[in-house]
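So the chains spell out like this:
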Amino acid sequence: MADIHSVIGTKNKKGQTYTDTWKMMNEAPRTPSFYTGSEVIKEAVRRASCDVMIAYPITPQSEAAALIGELFAEGYIGDYFRGESEFAVMSQCAGAAFGGARVFTTTAGPGTMRAMENFPMWSGARLPIQMIVTCRGINSPLSIQPDTLEIAYLLNTGMLVWHAETAQDFFDWILKGYMVSEEPDVHLPLALCCDGFFVTHTKDVVNLTPADMCLPPYDPYRSPVPCMDMECPPVRMMRDPFVMKSNYISYATHASWQQEVWAAVERSRKHSIHWLNGLIDTENTDADIMIVASGTAVSQGREAIRLLEDEGVRCGLVKVKTLRPWPEEEIREATKNAKHIFVPEFNVTGWLAKEIKATIPNHERVHAGPHVCGGMTMPPEIIVNEIKTTLGLKKSFVMAGRGS
Amino acid sequence: MSQYRVLPGPEHFLPPAAASMGIQLPNPGEAHINGVIVSEDKAYEEAAKQFLMAKVPTIFPGPLVLWAWNEKAAKKATAVRHLYNTLKECVQPGQTPMLIPMPDYRPKYPKINPEVEINPNHPNLTIWHNKIDCCMFIGVHCHQANLSLKIIRGGTSCYTIAMCAQAGHEDAMLSFRDASVEKIMKLAEWVKKLKGTVQPRLTSAKSGASN
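None of the values given here were measured: they were computed from a predicted structure.

Novice: Can you help me understand the overall build of chain B in this one?
Specialist: Per the secondary structure count, chain B includes 5 helices and 7 strands. Along chain B, helices (α) and strands (β) appear in the sequence β-β-α-β-α-α-β-β-α-β-β-α when read from the amino end. Put simply, chain B has 211 residues, and 51% of those count as buried.

Novice: Honestly, the pairing of strand β8 (residues 190-195) of chain A in this entry has me stumped. Any pointers?
Specialist: In the case of a regular strand, side chains alternate between the two sheet surfaces. Residue and element names in this part refer to chain A. In terms of burial, β8 is a largely internal element, 6 of the 6 residues being buried. Side chains L190, L192 and C194 project from β8 onto one buried face, and the interleaved A191, C193 and D195 project onto a second face that is buried too. Alignment of strand β6 (residues 130-135) against β8, held across 6 bridges, turns out to be parallel. Bridge assignment links C135 to a residue of β8, and that residue is D195. With 4 bridges joining them, strand β7 (residues 160-163) and β8 adopt parallel strand pairing. Bridged to W162 within β8 is L192. Of the crossover connections in this fold, the one passing from β7 over helix α9 (residues 167-181) to the parallel β8 is right-handed.

Novice: Explain unusual backbone geometry to me, please; I cannot follow it from the model alone.
Specialist: With glycine set apart, most residues show a phi of negative sign, and most peptide bonds adopt trans. All names here are of chain A. P60 follows T59 through a cis peptide bond whose omega is 5°. Note that P60 resides in the loop between β3 (52-55) and α4 (62-74). For the bond from G369 to P370, the omega torsion is 5°, close enough to zero to count as cis. Its location among the elements puts P370 in the loop between β16 (366-367) and α15 (380-391).

Novice: Please clarify how the sheet that holds β3 of chain A should be interpreted in this entry.
Specialist: Two orientations exist for strands paired in a sheet by backbone hydrogen bonds: parallel and antiparallel. Residues and elements named next belong to chain A. Pairing is mixed across the open sheet formed by 7 strands, whose spatial order is β4-β3-β5-β6-β8-β7-β14. Strands with a single pairing partner mark the edges of an open sheet, and in this sheet they are β4 (79-82) and β14 (322-324). If you compare each strand with its neighbour and ignore which way they point, the axes differ by 20° on average. Taken together, the 2 bridges between β7 and β14 define a ladder with antiparallel strand orientation. Bridge assignment links W162 to a residue of β14, and that residue is T322. Across the face of the sheet, α4 comes into contact with β3, β4, β5 (103-107) and β6 while running at roughly 140° to β3.

Novice: I keep staring at α4 of chain A and nothing clicks. Help me out?
Specialist: For an α-helix the count is 3.6 residues per turn, leaving residues at separations of three or four pointing the same way. Residue and element names in this part refer to chain A. Helix length check: α4 (13 residues) gives 19 Å between terminal C-alpha atoms against 18 Å at 1.5 Å per residue, within 8%. Within the span of α4, buried status applies to E63, A64, A65 and I68. Buried residues belonging to α4 abut α3 (37-46), β3, β4, β5 and β6. At the exit of α4 stands G75, carrying a positive phi of roughly 95°.

Novice: I keep staring at helix α1 (residues 40-53) of chain B and nothing clicks. Help me out?
Specialist: Between the first and last C-alpha of α1 of chain B there are 20 Å, a value that for 14 residues agrees with the 20 Å anticipated at 1.5 Å per step. Those residues of α1 of chain B lying buried are A43, Y44, A47, A48, Q50, F51 and L52 of chain B.

Novice: For this particular structure, what's the right way to read the sheet that holds strand β5 (residues 134-138) of chain B?
Specialist: All names here are of chain B. Strand order in this open sheet of 7 strands is β2-β1-β7-β6-β5-β3-β4, and the pairing throughout is mixed. In this open sheet, the two strands that pair with only one neighbour each are β2 (36-39) and β4 (98-99). With 2 bridges joining them, strand β1 (residues 30-33) and strand β7 (residues 174-176) adopt antiparallel strand pairing. What sits directly across from I33, in β7, is L174. Across the face of the sheet, helix α3 (residues 71-90) comes into contact with β3 (57-61), β4 and β5 while running at roughly 170° to β3.

Novice: What is the right way to read the pairing of β2 of chain B from this model?
Specialist: All names here are of chain B. Sheet topology places β1 next to β2; 4 bridges connect them, and they run antiparallel. Within the sheet, the bridge partner assigned to E30 lies in β2 and is S39. Following β1, the chain reverses through 2 residues before pairing antiparallel with β2; N34 in that reversal takes a positive phi of roughly 60°.

Novice: Would you take a moment to explain the domain arrangement of chain A for this structure?
Specialist: Note on interface size: it is often stated as the accessible area lost on association of the parts. Residues and elements named next belong to chain A. Splitting chain A by domain gives domain 1 (7-222) and domain 2 (280-391). Taken over C-alpha atoms, the centre of domain 1 sits 27 Å from the centre of domain 2. Facing 20 residues of domain 1, the contacting portion of domain 2 comprises 20 residues. Going through the elements one at a time, α8 (149-154), β7 and β8 are the ones with two or more residues in the side of domain 1 that touches domain 2. At 4 residues, β7 tops the list of elements feeding residues into the side of domain 1 that touches domain 2. Looking at side-chain class alone, the side of domain 1 that touches domain 2 contains 12 nonpolar, 5 polar and 3 charged residues.

Reading the values: the criteria
- Residues numbered from 1 in each chain as written.
- Chains lettered and ligands numbered in written order.
- Predicted model: local features only at pLDDT ≥ 70, side-chain atom pairs only at ≥ 80, totals over all residues.
- Helix = DSSP H or I, 4+ residues; strand = E, 2+ residues; numbered from the N terminus.
- Buried ≥ 20, exposed ≤ 12 C-beta atoms within 10 Å, placed from the backbone.
- Pairing = 2+ DSSP bridges.
- Right-handed = clockwise from strand over helix to strand, strands pointing away.
- Axes fitted to C-alpha atoms, helices over the stretch in contact; angles between N-to-C directions.
- Contact = placed C-beta atoms within 7 Å.
- Expected span 1.5 Å × (residues − 1).
- Domains from an automatic or database assignment.
- Nonpolar A, V, L, I, M, F, W, Y, C, P; charged D, E, K, R; others polar.

See the structure below:
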């Protein structure tokens, strides 16, 4: 049994030094690099001491999955293979994690939906798998373009769900994500989401940690459930489930099992705050008008705030970093002064606005929108127009196709 | 800070997980009593008192200390045995300390008796129709421990203590974290120190407190 602390300072087979993660992320020198989001995923995984990566092609994550294959060829990953489908991939990830491996995978859109049955199973089995979700359209007719609707389906799986705004978030959160999800009191899978193409296929300057430093390896002996044992729960109960028995205590156990998964999501709050420096970021929280957003809608909101400032309208911003754990108290506090709260989203249903409405008092303050979906971009000008229309001010911009 | 308190039950048909009620785990060097963060020293004293008050103080060692899968586990098992022997030496007539091993989590078939047993994942975890009025978990995998601690709180008046090797358990009435041989021995010392100073409760049925 390896003691994690005893390997700090030693080298792996690639000559990388296992480094205290806090020092690596906060004190080690950073090198600015001009990379696509997919390349950034590869660079994070290079430093993540992953044992297993399982891949399946689906746009827009295919490039990242292929690049991680290169890492395997270079010897940075213990094992790498292509599954038969997304469902197979997620099942194989479970097998690897049951066996005590640090596991990484990527998926998107219909792939996420196809594999959905596995995600509550991962949570229930307390498997700290990390899954990158490069969000895209999930509906028919087919769309491969950015759309965040799939995140709504992940919110009740018992997984941790984080939503990255930029490639820099992605790089840092992949590495920090393992630190949170592998804590024994958490030990849950993490869906680390981004808006496909906008983050994966655009280049940005990202500050990378040294390539010769890597995370300490995963210690499966700290798991809250035993490593794979066919005779013990949770494996035993997957093949011989509670549903086969009918008595109070069997049902009470199953109910308690589910409660324990959500208790673990709650416990992740403390660790997420520690590693992400809070579950939300805020600007101008004394303003009457607030934009609350996650993912790249934050960037568009930030630009809209700049445009509004030029016109003398002061507006604040809440960047929601973690959707699970949900930053209920933080959002309530950050929006307590707001008279109007706008929630721009890249999906048709407005799931983030619904979450916020369920969180804050006087939820009639929440304006769900503007929405775009199906791959449309969200020009900051439409956020400005939405805000100005609500305030009864004259619109600043004429937006084609929007009835202006 | 949460107003919820983790108290002996019976609490509810399906009590909430304490973490969902805002109870937080202690940081290193701390413990919790009823969901309130306290110093470890205070927790040793309270745990020893609860053991010495109970009619049937019971230790439930789980697989992480029952199997000699590493040197530390074997030493912890010896320390658990020492704690049990200390309890036997320090209790008064009428009190019956017990040491009930839970070597694995295999579900029990074809059926379990919910009046007697707590959790199908712990075939040996029994509170004997609520006759065990104080118990301590040690070496039980965290997920399994939380399930059982919550079910015990829901349906019985048993006082639960967790000597957890990781981050601790909110669902116990009292929890240590980062359990080590030294901590188990220190708890035994506190039991010895309080011998004769605590009035045992010689009836096992309690009405139970609730939130």
